[in-house]
Amino acid sequence: MVVRHSPGIPGSGLQPWHRYDLTLGDYLRHTVRAEWELPSPPGPLIGPLSNAIARTAFLPTPEAWAPPDPSAPRLTDSERHVALETGTGLDALRLLCPPPAAPYLGDGTWAGLFGELGTALPSEYVTLMNLYGAGCWSDWLRFYTPLRTGDRRYLQHIESTTDGYRDLEGSHPQWHPLVTWPETGGFLPFANSIDGDQLGWLTQGDSPDDWPLILWPRHASQGPPLRTGLIDTLLAWLRGKFSTPGLAALDEDDDPVQFAVFKSWDDSAYW
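Just so we're clear, the structure is a prediction, and the values are computed from it rather than from any experiment. (Residues numbered from 1 in each chain as written. Predicted model: local features only at pLDDT ≥ 70, side-chain atom pairs only at ≥ 80, totals over all residues. Heavy atoms only, no water.)

K.L.:
Looking at this structure, I do not really get the nonpolar core. What am I missing?
P.N.:
Across soluble globular proteins, you tend to see nonpolar side chains buried next to one another. Core analysis: the largest hydrophobic core is formed by 53 residues, its most contacted members being Tyr125, Trp137, Phe143 and Phe190. In this view, Tyr125 contacts Trp110, Phe143, Tyr144, Pro146, Phe190, Trp201 and Leu230; residues no more than four positions away in its chain are not counted. (Core = buried A, V, L, I, M, F, W, Y, C linked by side-chain atoms within 4.5 Å. Buried < 20%, exposed > 50% of the residue type's maximum accessible area, 1.4 Å probe, protein only. Contact = heavy atoms within 4.5 Å.)

Quick look at the structure:
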């Protein structure tokens, strides 16, 4: 193995790299001891370490480790087949990712929100939110709390996001081709990712149910509207069968059932 010493190795023209004929474990064992058992090393040692940090505070005395008791899979083979392959729509989504017993929406009403926005929202979104509420999907995609009143309400998140988009559009218009709500056909966000991507609708068509989904990716060029609705898109994404720039994807060896989790917000959540 080789080690980079900073600012360099004395007597070698301050060359930073030195080769040790040791494994990583052997090198660490030597560096934390009071004496170097081999010829003197060219660089400083980590040790000697005091006895006070020789043990972790979480396990002051060694003890035998026992593996946890095996637990049954969350889904049977037949349920897994439906959840990942043959099921469709909200039924498959519920099976793959069970909704919370008490979804959190906020303290307001849909009628109150629609009145504040001056428009209704797609019925598919309302159905999904009534079932799951606000929260985070797969520890990555965060849905705003729609019916919270007062501070941190939905309209404030929308305005913050669209104001930011317009600022970026002013300095980099070639990368920000969308118009923003409340302009006709404008981008209206309802969720974001932990990486800063934004998911929303283009408010175009005869009714909110005609609005196409679109993703504003933070680290990729703007793509076209998505071809499927919210529930089908969410289900395909959780299954690992849909990806687009700005949308996190499962690794090849990931089990979709393991990652299909939903964590509900409460009133303390920012979103």
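Read on, since the account is not over.
K.L.:
Where do I start with a nonpolar patch on the surface in this structure?
P.N.:
Together, Met1, Leu24 and Leu28 make up a nonpolar patch on the protein surface, roughly 260 Å² of accessible area in all. Among the structural elements, Leu24 can be located in helix 1 (residues 24–31). (Patch = residues over 30% accessible without salt bridge, like charges linked within 9 Å, V, L, I, M, F, W, Y side chains within 5 Å. Areas by Shrake-Rupley, 256 points an atom, 1.4 Å probe, with all protein chains shown as cover. Salt bridge = Lys/Arg side-chain N within 4 Å of Asp/Glu carboxyl O. Helix = DSSP H or I, 4+ residues; strand = E, 2+ residues; numbered from the N terminus.)

K.L.:
How should the sheet that holds strand 4 (residues 141–143) be read in this particular structure?
P.N.:
If you walk across this open sheet you meet the 6 strands as 7-6-5-4-3-8, and the pairing is antiparallel. Every interior strand has two partners, whereas the edge strands, strand 7 (213–216) and strand 8 (262–264), have only one. Looking at each pair of strands side by side, their axes are set apart by 30° on average, direction ignored. Summarising the sheet, strand 3 (residues 135–137) and strand 4 pair through 3 bridges and their orientation is antiparallel. From the neighbouring strand, Trp137 faces strand 4, where its bridge partner is Leu141. On the sheet, helix 6 (residues 154–171) packs against strand 5 (187–193), strand 6 (198–202) and strand 7 and is oriented at approximately 100° with respect to strand 5. (Pairing = 2+ DSSP bridges. Axes fitted to C-alpha atoms, helices over the stretch in contact; angles between N-to-C directions.)

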